[in-house]
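# A look at the structure
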Amino acid sequence: METADPYRTAELRRRVLDAWADSPARFREDANAEEELARGAYRDRVIVELAQNAADAAALAGPTGRLLLRFDGAMLVAANTGAPLDRAGVEALSTLRASAKRDDVSGVVGRFGVGFAAVLAVTDVPSVVSRGGGVRWSRDEAAALVRELGLEAELAARGGALPVLRLPFPASGGVPDGFDTAVHLPMRDPTAGRLVAELLDEVDDALLLALPNLGEIVIERDGVTRRITSTVEDSTSAARTVVCTDSVDEAAGSRRTSTSWRLVSATGAVPAELLAERPTEERGGWTVTVAVPRADGGAPAPLPDGLRRVVHAPTPTEDPTALPVLVLAGWPLDSSRRHVQPGPLTDFLAARVADAYSTLVRDMAPAGSDVLRLVPGPMAAGVVDATLHRAILAELARTPFVPPAAPVSADDHGTRLRPDSATMIDDAAGAADPAALSVVVPNLADPQWWRWGALDRLGARRVPLVDVIDTLAGTAAEPRRWHDLYEALQGVDAADLATLPVPLTDGRTVRGPRGALLPVAGATPDTLEALDLRVVHPDAVHPLLRRLGAREAEPAAVLRDAAVREAVERLAGETSDQLDTRAAAQVADAVLDLAAASGVSTEEEPWLARLLLPDGTGTLAEAGELWMPGSAAVAWLDADPAECCVSDELVAQHGPEVLEAVGVQRGFSVARAADVPLDPGASDLPDYDVWVDVALAALGDPDGPPILVELAAVLDLDLVRDDAWPAVLNALASDEDSHAALTESVLAILVDGTRATVPSYTSWWIRTYARIDDHPVGELCAPNADAVVGALLRQSPAELSAAAASALGLAGTLDDLIAMPDVLLNRLADPDVRLPVTELGQVYGALAAANPDVVGPDRIRAVSPSGDTHVSDAGSVVVITSPQWLQLSLPAVVPGPPELADVLGVDRAEQRHAAVPDTPGAPAPVPDVVGRVVPDAPRTYVEHEDLRVGGQPVSWWVDTSGAVHAATSDGLARALAWVTGQWDIRLLLAEILRDPGALDMLVAEHQFATRRDQL
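## Section: the overall build of the chain
Counting secondary structure elements, the chain contains 35 helices and 41 strands. Rg of the C-alpha trace for the chain: 60 Å, well past the compact-globule value of 31 Å for 1015 residues, more than 25% over. A buried classification covers 49% of the 1015 residues belonging to the chain. Taking the intrachain contacts of the chain between residues at least 6 apart in sequence as the baseline, contacts between residues at least 24 apart amount to 63%. Accessible surface for the chain amounts to roughly 45,900 Å². Of this, 49% is attributable to carbon and sulfur atoms. Each charge class in the chain can be summarised by its mean position, and for the 84 positive and 149 negative side chains these summaries are 17 Å apart.

And the structure:
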């Protein structure tokens, strides 16, 4: 039975075949065009195009349409409601780029008659069946007709590809109940089936939002029914809400999700000048829609995870977007139908999108600051997206949707701020109530809206908090208003509020709470008026001020206030002509009261020592320069007690403990200073410049002045009377602080970073200037000094520690004395000194070993012929290097090595006296018995009957050649002991020479002598 042909498909086929027969080139053009669409622009858009056709059918018929997509893997059936297929529709489907849809029908999306070509990506035999009939297409049947035209070669050259949709055939078939038209698409192969399955999975809310005339899409597949619907819930002049519901029914159960979308749409006519270069079918009006999911409460929500982030035209393109909304518009597309064509029309539509976008933002703004999520981010996803970003950001910047910090009405858009005129405050977001700053910051945005990135991109102004604080400084306000502002600023970082204005009790407003005093009941003396303190007004007191450095006005805090120190130091620096004695007395009374109440002293606050106090004569002087009346130290000073002691009246008024706390001395005080340059002008200590020269010399005269890590000095030593020094030294030694200043070396850091020490200033000053019995301290010996030192030096009358004695240069050992050769030679030349020969030899031996560079003394202690020591003129003294010279009875000899003569500046004995015997003598053998004791003894000596040297008889001699001369056995023993370097066995040798037979016994006895210490 022949199928009815209500759409006269035979005429359409004949017309096309005739055209191809007349012009094979036309066949190639149609084939190329269809192939381009099926394999290019529409290769994966079959579901979208079917939905678009269903939406257009609904638009043509009136009510909202429905679409059924039924797929079993081999066949896809797309059934829709709405206007049925008519002859114009069939002709449009079979005629490339000749759509039957025009813009005179509202809501029609398809305009070019090309979208249906998408079905050829999955089937070779598509068909459309409607209430009035059906139409189908067949690749095989079309190929047979082409061959009948004699175009076999052309068809073969194209590999069988031909324009299938240009040759319609009548079709019959059913339409699912409840629908008006059905498209049947048998799958070409499994690959086509997989593509359709993937495309069905991708159907989402965006498809219904893009096609508002389509209210429902039902997808039946593998026994599962998925239903996607859209419902308009409310609509205003500016926006509407569409709820999209996606539900799935299957054997295992059902699931359902709903998304509430807020949309703003706009339409209008495209200016003619923008359409001059666009295709004729494209000309007409414009439509744009901006949509975003809406959370409970009306705030925008993120786009669904599965939604493709692309620009829609109004169905998806392949132009990506980073916008947080869905943008749908009638964009001009390129020939691929996948990308928006840049140009004036696109720019025009981007501006319309921006208008709709701003309307959407204003519509959702009352829901709160989450609307700022809609502000486009800093990075666009592509060229089209960049165009949208620019247009939207520019429009939002001038759209008043940001609420002010102090709005007239929360619901009144007229009171809202344009972002490009709004202000935010850096570093104030953490404040308890940043909105309170709106009194000094015009157009301050609601702090809940301070989303730096979003509003920054819209041109909002950012003001540093420090600038706002500066502005506050010029604001007049009652103290209670300042308290409220402090409460509002709770939570801000303290560093940002360092210059916060603070009202004071005296009416002033100062910058910065640090150091300001918070009033405490009963703790502030009445005399504080004299101190010009910064006391916070009681009505402005707030915990924030304490956190920012304000202190309770307790005595210790008040005393440590910078204004108190400034007042004290200012008065101390004034001359007597400038000084206001009444003001000085008020300050003194206030400071002393505070010191008494707080217990603060110069130990914590050294500047208190500069407080001006009256002395016994009524003259004002710094507390650190005054002494307590009746203190023992006053008796040691070369000064009038009335002039150096604080007045008795002040002691009676405030008590000695308070006066001592501010620096009045009962004993010697110690001044300390850190990081002092070792430079003559760095201190006003007495003779500091002289000490600096000494210290620099000790450091090797460095290139630049070193820095003393800490300089400590006992004060007022220049006032000590000479006869008081023993008592003063005892006092210094017994006081821990003074003892440290006396004994501890000073650490110096040189310019190259190295470290070294120099003696303390105090010990240097005492060594240099102090006198005891008119002698320098350095000529005293230390307690428990060695006997030889004690014999030469005077004992110190002070009970000094070893450290103090060392610091003052008091000698304790012979080495200490040798280190002071001038002092040593001085004392040796003192006739009152009593020093035995043995100790004198010890001293001279050590002095020769040290070989100091000294000027030879005029008077020298020497040994007399009787064996005593005495002082002689240097000209009569000779140095003897051998005991043989003692036989000559020289008047003044000094035993020691040859170097000692150079040290003392005198001659050696051999330089003044004969050094060889007067007569030659006769050679004689040294007895053999000597060799048993001294193996290296000479074998012979020169024997004399009468041995004389320089006319004086001697018992032995060793001449300059080393020859031994002797006149007696005792003399021979001494000579042999000396030349062999064993002077200690001279008596043993003498006994052996007298009684050779007793040799063994004598040697045995001598061994006991040498082992005595061991036994």
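## Focus on the sheet that holds strand β24 (residues 707–714)
The strand order β23-β24-β25-β26 describes an open sheet built from 4 strands, whose pairing is antiparallel. At either end of the open sheet lies a strand with only one pairing partner, and these are β23 (670–677) and β26 (755–758). Across the sheet, the axes of successive neighbouring strands diverge by a mean angle of 25°, strand direction being ignored. Across 2 bridges, β24 lies against strand β25 (residues 746–749) in antiparallel orientation. Residue pairing for β25: I707 is matched across the bridge by I749.

## Re the confidence of the model for the chain
Mean pLDDT for the chain: 86, with 94% of residues reaching 70 or above. This model gives residues 97–106 a pLDDT under 50, and the stretch forms 30 contacts once residues within four places in sequence are excluded. Taken as a whole, residues 109–113 scores under 50 in pLDDT and shows 25 contacts with residues more than four places along the chain or in a different chain.

## Looking at a negative patch on the surface
A surface patch of like charges, here negative, comprises D687, D689, D693, D701 and D718. Along the chain, D718 falls in the loop between β24 and α22 (725–734). For D718, a relative accessible area of 43% corresponds to the partly exposed category.

## Examining the pairing of strand β7 (residues 214–221)
Taken across its 8 residues, β7 has 6 buried, putting it largely inside the fold. Note: strand β1 (residues 65–71) against β7, 7 bridges, orientation parallel. What sits directly across from L69, in β7, is I219. With 6 bridges connecting them, β7 and strand β8 (residues 224–235) associate as antiparallel partners. Directly across from I219, in β8, lies its bridge partner R226. Count of turn residues in the β7/β8 antiparallel hairpin: 2 residues, of which D222 carries a positive phi of about 55°.

## Details of unusual backbone geometry
Looking along the chain, the bond that leaves A313 and enters P314 is cis, with omega of -10°. Mapped onto the secondary structure, P314 falls in the loop between β12 (310–312) and β13 (316–320). Despite not being glycine, D687 shows a phi value in the positive range, around 55°.

## Considerations on helix α21 (residues 688–698)
Among the residues making up α21, those that are buried are Y688, W691, V692, A695 and L696. Down the axis, α21 shows its buried residues gathered within 135° of arc, on one side only. Of the surrounding secondary structure, the elements contacted by the buried residues of α21 are β23, β24, β26 and α24 (761–769). One or two positions beyond α21, positive phi appears at G700, with a value near 85°.

## Quick notes on the pattern of salt bridges
Scanning all chains against the criterion turns up 45 salt bridges. Between R451 and D370 there is a salt bridge, with its nearest N and O atoms 3.4 Å apart. Taken together, the residues R451 in the loop between β15 (423–426) and α11 (452–457) and D370 in the loop between α9 (344–364) and α10 (383–397) connect sequence positions 81 residues apart. A residue is classified by how much of its surface remains accessible, and R451, at 31% relative accessible area, is partly exposed. Where salt bridges share partners, they join R66, E216 and R227 into one cluster.

## Quick notes on the sheet that holds strand β41 (residues 964–966)
Strand order in the open sheet made by the 4 strands is β36-β37-β41-β40, with mixed pairing throughout. Sheet topology places β36 (922–925) and β40 (956–958) at the edges, where each strand pairs with a single neighbour. Across the sheet, the mean angle separating the axes of adjacent strands is 35° when strand polarity is ignored. Contacts from helix α33 (residues 969–979) reach β37 (940–943), β40 and β41 within the one sheet, and its direction differs from that of β40 by about 25°.

## Details of the nonpolar core
Side chains of nonpolar character tend, in soluble globular proteins, to be buried together. Of all hydrophobic cores here, the largest spans 87 residues; its most connected members are W331 and L437. Residues contacting L437, with those up to four places away along its chain left out, are I425, A428, L444, L465, V468, L472, L485 and L489.

## Brief notes about the side chain of R262
Following the sequence through the fold, R262 ends up in strand β10 (residues 253–269). A polar atom in the side chain of R262 sits 2.6 Å from the side chain of T241.

## Some points on the packing of aromatic side chains
Applying the stated criterion across every chain yields a total of 16 aromatic pairs. Aromatic pair F116 and W137: ring centres 5.4 Å apart, planes at 50°, arrangement tilted. Within this pair, whereas F116 is found in the loop between α4 (87–93) and β3 (127–130), its partner W137 is found in the loop between β4 (133–136) and α5 (139–148), the two being separated by 21 residues in sequence. Where W885 meets W957, the ring centres are 5.1 Å apart and the plane angle is 75°; that geometry is what we call edge-to-face. With W885 in the loop between β33 (878–880) and β34 (893–895) and W957 in strand β40, this pair connects stretches of sequence that are 72 residues apart. Residue W885 is classed as buried on the basis of its relative accessible area of 3%. Put simply, the rings of Y688, W691, W725, Y761, W764, W765 and Y769 touch in pairs and so form one group of aromatic residues.

## Examining the state of the cysteines
Under the criterion given, the structure shown has 0 disulfides. Here C644 is not disulfide-linked; the sulfur of C645 is the nearest cysteine sulfur, at 4.1 Å.

Cut-off values and rules
- Residues numbered from 1 in each chain as written.
- Predicted model: local features only at pLDDT ≥ 70, side-chain atom pairs only at ≥ 80, totals over all residues.
- Heavy atoms only, no water.
- Helix = DSSP H or I, 4+ residues; strand = E, 2+ residues; numbered from the N terminus.
- Rg over C-alpha atoms; globule rule 2.2 N^0.38 Å.
- Buried < 20%, exposed > 50% of the residue type's maximum accessible area, 1.4 Å probe, protein only.
- Contact = heavy atoms within 4.5 Å.
- Areas by Shrake-Rupley, 256 points an atom, 1.4 Å probe, with all protein chains shown as cover.
- Lys, Arg positive; Asp, Glu negative; His and termini not counted.
- Charge placed at Lys NZ, Arg CZ, Asp CG, Glu CD.
- Pairing = 2+ DSSP bridges.
- Axes fitted to C-alpha atoms, helices over the stretch in contact; angles between N-to-C directions.
- pLDDT = per-residue confidence, 0-100.
- Patch = residues over 30% accessible without salt bridge, like charges linked within 9 Å, V, L, I, M, F, W, Y side chains within 5 Å.
- Salt bridge = Lys/Arg side-chain N within 4 Å of Asp/Glu carboxyl O.
- Arc of directions from axis to C-beta.
- Core = buried A, V, L, I, M, F, W, Y, C linked by side-chain atoms within 4.5 Å.
- Polar contact = N/O pair within 3.5 Å; in protein donor to acceptor, adjacent residues only side chain to side chain.
- Phe/Tyr/Trp six-rings, centres within 6.5 Å; stacked < 30°, edge-to-face > 60°.
- Disulfide = S-S within 2.5 Å.

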